[in-house]
Structures are given as structure tokens and as C-alpha cells.
Amino acid sequence: MEQDAPHPLPDRLRPRSLSDVVGQDHILGPDGALTRMLETRTLGSLIFWGPPGTGKTTVARLLADATELHFEQISAVFSGVADLKKAFDAARARRETGKGTLLFVDEVHRFNRAQQDSFLPVMEDGTVVLVGATTENPSFELNAALLSRARVLVFHSLDAAAIERLFANAEKIEGKELPLDAEARAVLVRMADGDGRASLTLAEEVWRAARKGEVFNAAQLQEILQRRAPIYDKSADGHYNLISALHKSVRGSDPDAALYYLARMFDAGEDPLFLARRVVRMAIEDIGLADPQALVICNAAKDAYDFLGSPEGELAIAQAVIYLATAPKSNAAYTAFGAAMQTAKQAGSLLPPKHILNSPTRLMKSEGYGSGYQYDHDMPDAFSGQDYFPEALGRQTFYDPPDRGFEREIRKRLDYWQRLRAQRGSG
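The notes below deal with the structure included here.

**Some points on the overall build of the protein**
Broken down by element type, the protein carries 21 helices and five strands. For the protein, the C-alpha radius of gyration of 32 Å lies well beyond 22 Å, the compact-globule estimate for 427 residues. With respect to the principal axes defined by its C-alpha atoms, the protein has extents near 100 × 60 × 40 Å. Across the 427 residues that make up the protein, the buried fraction comes to 40%. Of the contacts made within the protein by residues no fewer than 6 positions apart, 72% connect residues no fewer than 24 positions apart. Carbon and sulfur atoms form 52% of the exposed surface of the protein, whose accessible area is close to 23700 Å².

What follows is the structure, encoded as C-alpha cells:
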């Protein structure tokens, strides 16, 4: 019989009431959003957004029990239009008998736009209370019309204290402690990566692996479990969150944090050449001419990875990241280029001043092309101080280097040339 069949530990520890749910106190605590909603005995449509193993499905099921709604579950991965129609028809029939329906849609973001729109009529007329679950950012993945009719609740990854509570519950159910020393237990918490379901699966694997009286240390634990792959989708939020963290750590001159995020991305299987390209971009955008060697070193790191491959080539990228994080910072060139582009677009097709135009024909010479041009190398200080901007535009200043790194020297040069311009009446 089914009740006699073995059940996985996560299934045996599935909460029986909302108060048993671990790690989501911000929505299920005394002042949580769902707690307040349930006090009114009414439930609107909801979107649960959060990583795997944080209790989205469990909470949806318990919400149906708490509000005396029939719980119906479908997955966007395995369902199509016919399945939706069948679910809606069953909900309408149920409604005629006085019973409401909570329709839980797992991976709701996988439905296309037209399928998402099909929920709108049954949400509006009360045929179903929709609870959608998604690991992706709803702002990008769900229709605006659907979002406007549902409240988004964010589920957080479980912290260490919540994972420890799950382990304690598991030990109580199993009637024995996890065979781990203190360090190994802390490592197991980290391996769970904020995923409650995964934490219990890992705990179950530890119990299976342990011989009688055996207690594992951290190294043994890692060998036994062969470690769990980090949660990371190269096309999803995790990818963009980590590359943003890496970039901002470099910009903030924190080589240790930068190395940590770089290692996280390598560990998750990110393409090293993608990271090398981003590191080159950081050299251009955030270091610029404060250290002109930064771009050279980052390009060299990219070439070294191309030459060595993985894993040796990854060290070259790590070295470039350390160099960037410890280099003087400047976005002056980046800002100057943006300002010049904006002026070029706004000012139109202005002709450069005639004195710097070539005059290969007699007609062009007669029109004054090239007339009055002063060859800088023949001038005192190899500097004529002439104005090179179109007359209709006037002289502009885009590049304003800070007094940092190599740009301190550039600043001196620019100030020197400006003084010469002023002395010669052209600045």
C-alpha cells in the first residue's frame, strides 16, 4: 500500500500547516502579507517568486486548506491550452456547487503570452484564485495584464538558521543525529545553497553513506556528496546578479570580493571568455586612462586563456581582475566619449574649420581650404593652439581627467596647453 511505501525525507517533512513553514517569516510571520490576508478569510491571486526549494508549492497547498478552496495543480512545463481549458471547466463546475478553486501553476513563466492571457477572464470573474510560481523575475517574464491582477510575493533563499531548523526536524523524525562534526555540518548547510528540499536530500545521502559509529569531517563530506552544483542559470537572474556583483566589486576597489564573485561564476560553469570580455570592458569603463596598462593586461589575460585553456587560463583572468580592482579608477574617458557622441548627434553635419581641411584642388584652395593652418611641429613648444572645432559649434570640453593615477600627468598636460592657448589668444 502507498502509506507503507518508503517516502523521501523532504516529503515526510513537508509542513502540515503554514506555521510549520521554515524561512519565510516576512510573509508568514505575525505581520506577514499572507498572514494579514488570511485574517480576512479572503485570498486574491498571487505570484510566488523565488528560487527552488523555498516552499512555494507547499505554501500554495496550505493556503488552499486554510481558505477551504479546492487545490488544483498544473505545471506550465507539461500543460497546454487543452489542459488549461479542462482546469477552467472543472473550476466552473465546482463553483456552481459552491466550492472555489485555488489553481496553482508551477513555472508559470513558461506559458507564452497568449496562454498567460487565457487566465485573465477566470481570474476576473472569480472562477479561480490563481497562484503562480516562478523562479524568474515576473517583471520580465509575465504579461503586464496578468501582473496587474495578481500580487507578487517574494520567497527568499533559506538562511543558515532555517536550514539548521530543517536538519533538527529531520534528526527528530529519523531519531538520530547527522553523523557530522561541527565543521562538516556547517559545510552541509552551505552546500544546500538556500534550498530546503535540497538540504533534506543531502542529509538523507549523508545518513545512507555513514557506517555505524562513523562521523564525517568536512573533507570526507565533500568527497561523499561530490558536492552539489550551484544554482545558476546562465540566461537567468543569477547570471546577471553575479556579473553585476563582480563589476561593482572591481569598481569599488575590493579585490577579495571581486575574486569571490569571479570564483562563483567559474564554479558554476560560466564561459571564461564571457568573463574575459567583461573584464576588458571594466578596464575601459572604470579604469580608463588612470592606468593605460589595464586594458593591455586584460587583453593579455584573454589571449592567455585562449592559449592555455581551462583551468590554467582562468588564473590569467583572475590576475587581471586583481589588477583592475587595485588600479586607480576613472570613468573620465567613458564619460567624455558619451558626451562627444551626444554633441555629434545633436549638432548636425557641421563643416570643420577651413584651416584644417585639405586642399587637393585649385578650387578648394580658392575657397580657403587649408589657408592659415599652422603645422604644430614648426611652432614653439610644438603647439600652435589653433581651434579645431567647427566655428558654429565653438570650443567644447568633454574630457575632464581626475587627479588620479596616470591621468594626473594628463591633467598637467591639458592645463599646460590651456595656458599656452590663453597666452596666444586662441583659447
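**Re the packing of helix α10 (residues 160–174) against helix α12 (residues 196–209)**
Viewed as axis vectors pointing N to C, α10 and α12 meet at an angle of 45°, and their least axial separation amounts to 10 Å. Comparing their axes, α12 and α10 come out oblique. The interaxial crossing formed by α10 with α12 has right-handed handedness. Contacts from I163, L166, F167, A170, E171 and E174 of α10 reach α12 at G196, S199, L200, A203 and W207. When the residues that make up the contact of α10 with α12 are grouped by side-chain class, the tally is seven nonpolar, two polar and two charged.

**Focus: the environment of E68**
Following the sequence through the fold, E68 ends up in the loop between α4 (56–66) and β2 (70–75). Ignoring anything within four residues of it in the chain, the contact list for E68 reads R41 and K99.

**Regarding the sheet that holds β2**
Read from one edge of the open sheet, five strands run β2-β3-β4-β1-β5, paired in parallel fashion. Here the strands that pair on one side only, and so sit at the sheet edges, are β2 and β5 (151–154). Averaged over neighbouring strand pairs, the angle between their axes works out to 20° when direction is ignored. Pairing of strand β1 (residues 46–49) with β5, which is carried by four bridges, proceeds in the parallel orientation. Each bridged residue has a counterpart across the sheet, and for F48 the counterpart in β5 is L153.

**A closer look at the packing of α10 against helix α11 (residues 182–191)**
Running from amino to carboxyl end, α10 crosses α11 at an angle of 110°, the nearest separation of the two axes being 10 Å. Taken together, α10 and α11 sit at an angle that is classed as roughly perpendicular. Judged by the sense of rotation from one axis to the other, the crossing of α10 with α11 is right-handed. Contacts between α10 and α11 involve A160, I163, E164, F167, A168 and E171 from the first element and R185, L188 and V189 from the second. Its residues assigned to classes, the contact of α10 with α11 shows six nonpolar, no polar and three charged.

**Some words on the layout of surface pockets**
The gaps left among the atoms become clear once a water-sized probe is rolled over them. Size it by volume and the second largest pocket reaches roughly 310 Å³. Along the wall of the second largest pocket there are 13 residues; nearest its centre are R395, Q396, T397, Y399 and L414.

**Quick word on unusual backbone geometry**
With omega at 5°, the peptide bond leading from S310 into P311 counts as cis. Relative to the helices and strands, P311 is located in the loop between α17 (293–308) and α18 (312–326). Its identity is not glycine, yet E107 carries a phi of approximately 55°, on the positive side. Mapped onto the elements of the fold, E107 is located in the loop between β3 (101–106) and α6 (113–117). Backbone geometry places D193, a non-glycine residue, at a positive phi of 60°. Relative to the helices and strands, D193 resides in the loop between α11 and α12. For D193, a relative accessible area of 33% puts it in the partly exposed group.

**Re the side chain of Q386**
Position of Q386 relative to the elements: it lies in the loop between α20 (362–366) and α21 (407–423). Here G372 takes part through its backbone oxygen, which lies 3.0 Å from a polar atom of the side chain of Q386. Separated by 3.1 Å, the side chain of Q386 and the backbone nitrogen of Q374 make a polar contact.

**So, the pairing of β2**
Bridge count for β2 against β3 is six bridges, and the pairing is parallel. Across the sheet, residue Q73 finds its bridge partner in β3, namely F104.

**A word on the environment of A347**
Mapped onto the elements, A347 comes out in helix α19 (residues 332–347). Residue classification places A347 among the partly exposed residues on the basis of a relative accessible area of 29%. As for A347 and P360, which are separated by 13 residues in sequence, their C-alpha atoms are 27 Å apart.

**Details of the packing of aromatic side chains**
Applying the stated rule across the entire model yields seven aromatic pairs. Ring centres 6.1 Å apart and planes at 25° place the aromatic pair F71 and F104 in the stacked group. Here F71, found in strand β2, pairs with F104, found in strand β3; they are 33 residues apart in sequence, far enough to count as distant. Side by side, F71 and F104 carry an identical accessibility label, which is buried.

Conventions and cut-offs
- Residues numbered from 1 in each chain as written.
- Predicted model: local features only at pLDDT ≥ 70, side-chain atom pairs only at ≥ 80, totals over all residues.
- Heavy atoms only, no water.
- Helix = DSSP H or I, 4+ residues; strand = E, 2+ residues; numbered from the N terminus.
- Rg over C-alpha atoms; globule rule 2.2 N^0.38 Å.
- Buried < 20%, exposed > 50% of the residue type's maximum accessible area, 1.4 Å probe, protein only.
- Contact = heavy atoms within 4.5 Å.
- Areas by Shrake-Rupley, 256 points an atom, 1.4 Å probe, with all protein chains shown as cover.
- Axes fitted to C-alpha atoms, helices over the stretch in contact; angles between N-to-C directions.
- Parallel < 35°, antiparallel > 145°, perpendicular 65-115°, else oblique.
- Left-handed = near helix turned anticlockwise from the far one by under 90°.
- Nonpolar A, V, L, I, M, F, W, Y, C, P; charged D, E, K, R; others polar.
- Pairing = 2+ DSSP bridges.
- 1 Å grid on protein atoms, 1.4 Å probe; cavity = no way out; pocket = protein on both sides within 12 Å on 5 of 7 lines; lining within 4 Å.
- Points joined across faces, edges and corners; volume = space filled by probe spheres on them.
- Polar contact = N/O pair within 3.5 Å; in protein donor to acceptor, adjacent residues only side chain to side chain.
- Phe/Tyr/Trp six-rings, centres within 6.5 Å; stacked < 30°, edge-to-face > 60°.

Remember, this is a structural readout, not a statement about activity or role.
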